[in-house]
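# Observations on chain architecture
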Amino acid sequence: MNRRSDLTFKHNLKHGRHGWLRLTPAYSIKVVREILDEHPAFDYVLDPFSGTGTTGLVCGERGLRCDLLDINPFLVWFAGVKTSNFTPDELLEAKKKIRDVLAASKEYKQQKFWLPPIKDIDRWWPESCQNFLSRIYKAINESLPENSPAKDIFLVAFCRCLMQWSNAAFNHQSMSFKERKETLFDHQERDLLASSFERNVEMVIDSAAQRIEGEVRVILADSRQVPEPADKQYDCVITSPPYPNRMSYIRELRPYMYWLGYLKEAREAGELDWQAIGGTWGIATSRLSNWKPNGREIMYSGFQEIITGIADESTLLANYTARGMK
Ligand SMILES: C[S@@+](CC[C@H](N)C(=O)[O-])C[C@H]1O[C@@H](n2cnc3c(N)ncnc32)[C@H](O)[C@@H]1O
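Residues numbered from 1 in each chain as written. Predicted model: local features only at pLDDT ≥ 70, side-chain atom pairs only at ≥ 80, totals over all residues. Heavy atoms only, no water.

## Notes on the site of the ligand
Not every one of the 24 residues close to the ligand is listed here, only the nearest: T52, T54, D70, S223 and I277. Between the ligand and the protein, one listed contact pairs an oxygen atom with a side-chain N or O atom of D70 at 2.8 Å. A distance of 3.3 Å separates a nitrogen atom of the ligand from a polar atom in the backbone of I71. Burial of the ligand by the protein chains amounts to 99% of its free accessible area of 610 Å². Residues belonging to the shell around the ligand are distributed by class as follows: 14 nonpolar, seven polar and three charged. (Near = heavy atom within 4 Å. Polar contact = N/O pair within 3.5 Å; in protein donor to acceptor, adjacent residues only side chain to side chain. Areas by Shrake-Rupley, 256 points an atom, 1.4 Å probe, with all protein chains shown as cover. Nonpolar A, V, L, I, M, F, W, Y, C, P; charged D, E, K, R; others polar.)

As structure tokens, this is what we get:
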């Protein structure tokens, strides 16, 4: 079967805010645009599995209302920033801060810096790069006010650097580490990383200037219990739910979540994945083996037959599928 990369996250990478961060299971803006083109009367949309906020940003760009729900707090923060409006003054303020952040990052004298407790961190980034990331992260936190638009912009740019500078390679569902490149002299590498960081902040600032006309709300929620809409009923649901392929979102999101403090220890990653539909990271898989249905009835009468059919091949996969519904 031919892969249609125009229907995946790849298509979004060159479209301003849509390209801020890649998430392999994100879908293309084309999908959302086509649905909305076919239904011009829709004006209040729900995406109960919103991930990086693709649906919300397309709706916002068209002046529509959209509620986004996701169970992952990092994605809720990120989609919130991605669909926010920034004033020209806020963007100017952010631009002015680039020099301050880089200057502050150079001044820290300690040899050892804080690093997130991500397993095998040396496989993600070479030591010199870890050190620079840590200095930049500290400088962002110390130079910019908490919860300010400028800080959000810098954190998005920081997340872009995390992935660009890492040795991680994403091959469809799996993730591996590339061969490590030769390291340059320290000072050369630092200069290269500093200009890469600067370019990333500028990229985010430039695309953040786009005006979002619609009203987008991003809510941290478990979509098995969808909260009430703000007033009237939704006109439609546009979403891509967790896929039945044992793909873990945490796996790909770990670097962002550890650095930004959404995960403080390995166990939390497994716990969060256990809450999510389809989570299979860490503790989630062993719990899945012993999971029993909670008795909640599924409205589709052929559901049990499907689960029994899957169980003939694999009990784990049958539990995985059944648990997503309950
Ligand atoms: C396929 S991804 C959505 C990608 C999205 N369309 C995009 O373009 O970025 C599915 C999302 O469902 C979320 N999720 C999984 N279980 C959930 C639950 N019970 N309630 C809400 N969100 C959940 C995951 O965190 C993930 O972000």
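## Quick look at the domain arrangement of the protein chain
Where the parts come together, the accessible area they lose is often given as the size of the interface. Assigned domains of the protein chain: these are domain 1 (1-85 + 211-241), domain 2 (88-208) and domain 3 (265-326). Computed over C-alpha atoms, the centres of domain 1 and domain 3 are 26 Å apart. Each side of the interface is counted separately: domain 1 has six residues, and domain 3 has seven residues. At the boundary of domain 1 with domain 3, total buried surface from both sides reaches about 530 Å², with 59% on carbon and sulfur atoms. Where domain 1 meets domain 3, there are zero salt bridges. Taken together, the links from domain 1 to domain 3 amount to one residue pair in polar contact (both at pLDDT 80 or more). Tallied by class, residues from the side of domain 1 that touches domain 3 come to three nonpolar, one polar and two charged. (Domains from an automatic or database assignment. Contact = heavy atoms within 4.5 Å. Buried area = accessible area lost by both parts, 1.4 Å probe. Salt bridge = Lys/Arg side-chain N within 4 Å of Asp/Glu carboxyl O.)

## Overview of the environment of A94
The topology assignment puts A94 in helix 4 (residues 88-107). In this structure, the C-alpha to C-alpha distance between A94 and F154, residues 60 residues apart in sequence, is 7.8 Å. (Helix = DSSP H or I, 4+ residues; strand = E, 2+ residues; numbered from the N terminus.)

## A word on the sheet that holds strand 6 (residues 236-237)
Spatial strand order, 5-2-1-6: four strands in an open sheet with parallel pairing. What marks the edges here is a single partner per strand, and that holds for strand 5 (215-220) and strand 6. Direction of pairing for strand 1 (residues 44-47) relative to strand 6: parallel, over a ladder of two bridges. Within strand 6, the residue paired with V45 across the bridge is C236. Here helix 2 (residues 54-61) sits on the sheet in contact with strand 1, strand 2 (65-70) and strand 5, set at roughly 170° to strand 2. (Pairing = 2+ DSSP bridges. Axes fitted to C-alpha atoms, helices over the stretch in contact; angles between N-to-C directions.)

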